[in-house]
Amino acid sequence: MMSCRTVAVVRALKYLSTAMTTDQGASTQRNDGSANQRRIPVDEAIVALLAQVGPVSDHERVPVLDAMGRTLVEDIPAPADVPPFDYATLDGYAVRASDTEGAAPDQPISFEVVGVVAAGGVTSRPLGKGEAYRIMTGGPLPPGGDAVVPFEGTDGKGFGGWDGSEAMSSGGAEERVAVRVQVQAGADVRRRAEDQRSGEVLLRSGTRVRPAEVAVLASAGISLVWVHRRIRIGVLSTGDELARRDHVGPLGPGKIRDANGPALLALASRDGADTVDLGQARDEPNSVRSSLLKAVDHGCDLIVTSGGVSMGDRDMVKHVIRDEGEVSIWSIDLRPGKPFTFGRFRGVPVMALPGNPVSAMVTYELLVNPVVRRMQGDRGTVPVEVMAIADQEILNDSGRENFVRGVARIRYGVLGSVEWHVRPTGPQGSGILTSMSRANCLIRLASDTNRVASGGRVRVRLMDASPLW
Ligand code: AMP
Ligand code: MG
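Presented here is an overview of the structure given in this document.

The rules we used
- Residues numbered from 1 in each chain as written.
- Chains lettered and ligands numbered in written order.
- Predicted model: local features only at pLDDT ≥ 70, side-chain atom pairs only at ≥ 80, totals over all residues.
- Heavy atoms only, no water.
- Helix = DSSP H or I, 4+ residues; strand = E, 2+ residues; numbered from the N terminus.
- Buried < 20%, exposed > 50% of the residue type's maximum accessible area, 1.4 Å probe, protein only.
- Contact = heavy atoms within 4.5 Å.
- Areas by Shrake-Rupley, 256 points an atom, 1.4 Å probe, with all protein chains shown as cover.
- Axes fitted to C-alpha atoms, helices over the stretch in contact; angles between N-to-C directions.
- Parallel < 35°, antiparallel > 145°, perpendicular 65-115°, else oblique.
- Left-handed = near helix turned anticlockwise from the far one by under 90°.
- Nonpolar A, V, L, I, M, F, W, Y, C, P; charged D, E, K, R; others polar.
- Pairing = 2+ DSSP bridges.
- Right-handed = clockwise from strand over helix to strand, strands pointing away.
- Patch = residues over 30% accessible without salt bridge, like charges linked within 9 Å, V, L, I, M, F, W, Y side chains within 5 Å.
- Salt bridge = Lys/Arg side-chain N within 4 Å of Asp/Glu carboxyl O.
- Expected span 1.5 Å × (residues − 1).
- Near = heavy atom within 4 Å.
- Polar contact = N/O pair within 3.5 Å; in protein donor to acceptor, adjacent residues only side chain to side chain.

1. Topic: the overall build of the protein chain
Of regular secondary structure, the protein chain possesses 9 helices and 25 strands. Expressed as a percentage of the 469 residues in the protein chain, the buried residues total 48%. A separation threshold of at least 6 residues defines the contact pool for the protein chain, and within that pool the share at least 24 residues apart is 72%. Summing over all exposed atoms, the protein chain offers an accessible surface of approximately 22400 Å²; the carbon and sulfur share of this is 52%.

Structure (structure tokens):
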């Protein structure tokens, strides 16, 4: 039996191959509007898109910090054990645990203190029966020692403490210490190789490097890693109404500012890509064509355009792509952002997004981001979602899967409950770009869900998930 995911892949591929070869989507759209065209669900569209692209084949060896946001192309084995030796996790006395058996506040056991070891120090003298070492956090356990008795479990004196009033600058140790607690072997000891065992795979190929991976690599002493090169994304805005980006002062009649160019450039660089600003094209085939050619000249791996993909007289983008390559036009079961075109212009994948700034940003998040991840070799392409409680009623009158801009917060309830809560940012018109700025998530309402009551559960896709004030 096929799994749900397999079914989705097969359906998506079938859809895509039909659309690519016969361009049925386009003709249906032009003749009948979108009414008769099957709307492809968002999740299927993503699967179909991912099947169209693969990771770039060029790799680079770069310093670990430059690998941030990029993807490893090698499994990385641990070169050595980390930590390299057993060490104390707090200040106290290193002992043989068995020697503490029976120790209690009213029945202390006296140990001979045979030395002091601090972080960075070494001890070669083994611990004999009834012997202890004063030991500081990070200090290697002496041979034979297998536990640490915290300072508080002894009558030991002379530790610096907060104010250092009793600092032992001499480094000397008392001759004896009374241990008042019984400890188990391994107590307050961090074991050799507890984190990384020599030869074990530390990080797998396909892992995106985040600060945590930088830390792991640094802890293993690895300074250079092989990663996929950054992909290069060309971003183009289209529309006769767009004022030049450097235009200052009042806008001319009918003109608007170009929000999408900068927004998409910002999204692409957030995703770790190099960007090429292709500027703006007019709603004329030659203008769009020469901008796309510029992308090819610049060696772009992916082109993202906005505007000009609807059914209007001046929507040129898909025709220009088709003239120089192949195109599939999709009606995605999505709001905001229904019109969408995927194609290849002279072999370079093009994702043509709607012009509406909210639609452009949302379709980037939903459709372009997984493609970028895949092209950069990232194995993780599925976004993080949580279930949340709607703090107010949310309506979906679109008949499509609706991605409502929202604010998600975690709330700590009485009786110790912890739950995600979410509320829409307010009016959801796809021209209300400020709603993107007020949001940290997209609330997903299925196409057949018209209404979620206050207190109902909804699926929430976290975006940057920053706290909002
Ligand atoms: P289109 O997809 O070209 O039909 O554009 C849909 C709407 O988005 C229109 O109102 C356009 O004026 C607007 N729009 C298109 N491109 C941009 C852009 N780069 N920045 C801001 N708004 C845009
Ligand atoms: Mg337009």
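2. Observations concerning the packing of helix H3 (residues 42-52) against helix H8 (residues 357-375)
Running from amino to carboxyl end, H3 crosses H8 at an angle of 30°, the nearest separation of the two axes being 10 Å. Considering their axes alone, H3 and H8 lie roughly parallel with respect to each other. The element H3 and its partner H8 pack so that their crossing is right-handed. Contacts between H3 and H8 involve Val42, Ala45, Ile46, Leu49 and Leu50 on the former and, on the latter, Leu366, Leu367, Pro370, Val371 and Arg374. Residue classes in the contact of H3 with H8 are distributed as 9 nonpolar, no polar and 1 charged.

3. Examining the packing of helix H5 (residues 260-270) against H8
Axis separation between H5 and H8 bottoms out at 10 Å; the angle between their running directions is 25°. The orientation of H5 relative to H8 falls into the category roughly parallel. H5 and H8 meet at a crossing whose hand is right-handed. Facing H5, whose interface residues are Asn260, Ala263, Leu264, Leu267, Ala268 and Arg270, H8 presents Pro357, Ala360, Met361, Tyr364, Glu365 and Asn369. For the contact of H5 with H8, the residue count by class is 8 nonpolar, 2 polar and 2 charged.

4. Focus on the pairing of strand E13 (residues 232-238)
Across the 7 residues that make up E13, a large majority, 6, are buried. Sheet topology note: the E13/strand E14 (residues 274-281) ladder contains 6 bridges and is parallel. Looking at the pairing, Arg232 lines up with Asp274 of E14. The β-α-β motif built from E13, the intervening H5 and the parallel element E14 has right-handed crossover chirality. Where E13 lies against strand E15 (residues 302-306), 5 bridges are found, and the strand directions are parallel. Each residue of the ladder has a partner; that of Gly234, found in E15, is Ile303.

5. Things to note about the sheet that holds strand E9 (residues 176-179)
Strand order across the open sheet formed by 5 strands is E8-E5-E7-E6-E9, with mixed pairing between neighbours. Of all the strands in the sheet, just strand E8 (147-150) and E9 have a single pairing partner and so form its edges. Across the sheet, the axes of successive neighbouring strands diverge by a mean angle of 40°, strand direction being ignored. Sheet topology note: the strand E5 (residues 92-95)/E8 ladder contains 4 bridges and is antiparallel. Counted as the bridge partner of Gly92 is Pro150 from E8.

6. Quick look at a nonpolar patch on the surface
A grouping of Ile410, Tyr412 and Val418 is seen on the molecular surface, where their side chains present a nonpolar patch of about 320 Å² in accessible area. The class for Tyr412 is exposed, based on a relative accessible area of 65%.

7. Focus: helix H6 (residues 285-297)
In this model, H6 (13 residues) spans 18 Å end to end at C-alpha, consistent with the 18 Å of a helix rising 1.5 Å per residue. When we look at burial in H6, the residues that qualify are Ser287, Val288, Arg289, Ser291, Leu292 and Ala295. On its buried face, H6 sits against E13, E14, E15, helix H7 (317-323) and strand E17 (339-345).

8. As for the pattern of salt bridges
Counted by the stated rule, this structure contains 36 salt bridges. The partner of Asp58 in a salt bridge is Arg229, with the nearest N and O atoms 2.6 Å apart. With a gap of 171 residues between them, Asp58 in the loop between H3 and strand E2 (59-63) and Arg229 in the loop between strand E12 (224-228) and E13 connect regions that are remote in the sequence. Note that Asp301 is salt-bridged to Arg229, the shortest N-O span being 2.8 Å. Pair noted here: Asp301 is in the loop between H6 and E15 and Arg229 is in the loop between E12 and E13, with a separation of 72 residues, a long-range link. Relative accessible area serves as the criterion here: at 12%, Asp301 is assigned to the buried category. Via salt bridges that share partners, Asp43, Glu385, Glu401, Arg444 and Arg459 belong to a single interconnected network.

9. A short note on the pairing of strand E7 (residues 131-135)
Counting buried positions along E7 gives 5 out of 5 residues, so the element sits mostly inside the fold. Side chains of E7 alternate between two faces, with Glu131, Tyr133 and Ile135 and Ala132 and Arg134 buried alike. By the bridge criterion, 3 bridges tie E5 to E7 in an arrangement that is antiparallel. Counted as the bridge partner of Tyr93 is Arg134 from E7.

10. With respect to the site of ligand 1
If you check the shell around ligand 1, you find 15 residues, and the closest are Glu241, Asp258, Ala259, Gly308 and Gly355. One nitrogen or oxygen atom from the main chain of Gly355 is found 2.9 Å from an oxygen atom belonging to ligand 1. Take Asn356: an N or O atom from its main chain is 3.1 Å from an oxygen atom of ligand 1. Contact with the protein chains removes 74% of the 480 Å² of surface that ligand 1 exposes when unbound. Looking at the shell around ligand 1 residue by residue, the class counts come to 4 nonpolar, 8 polar and 3 charged.

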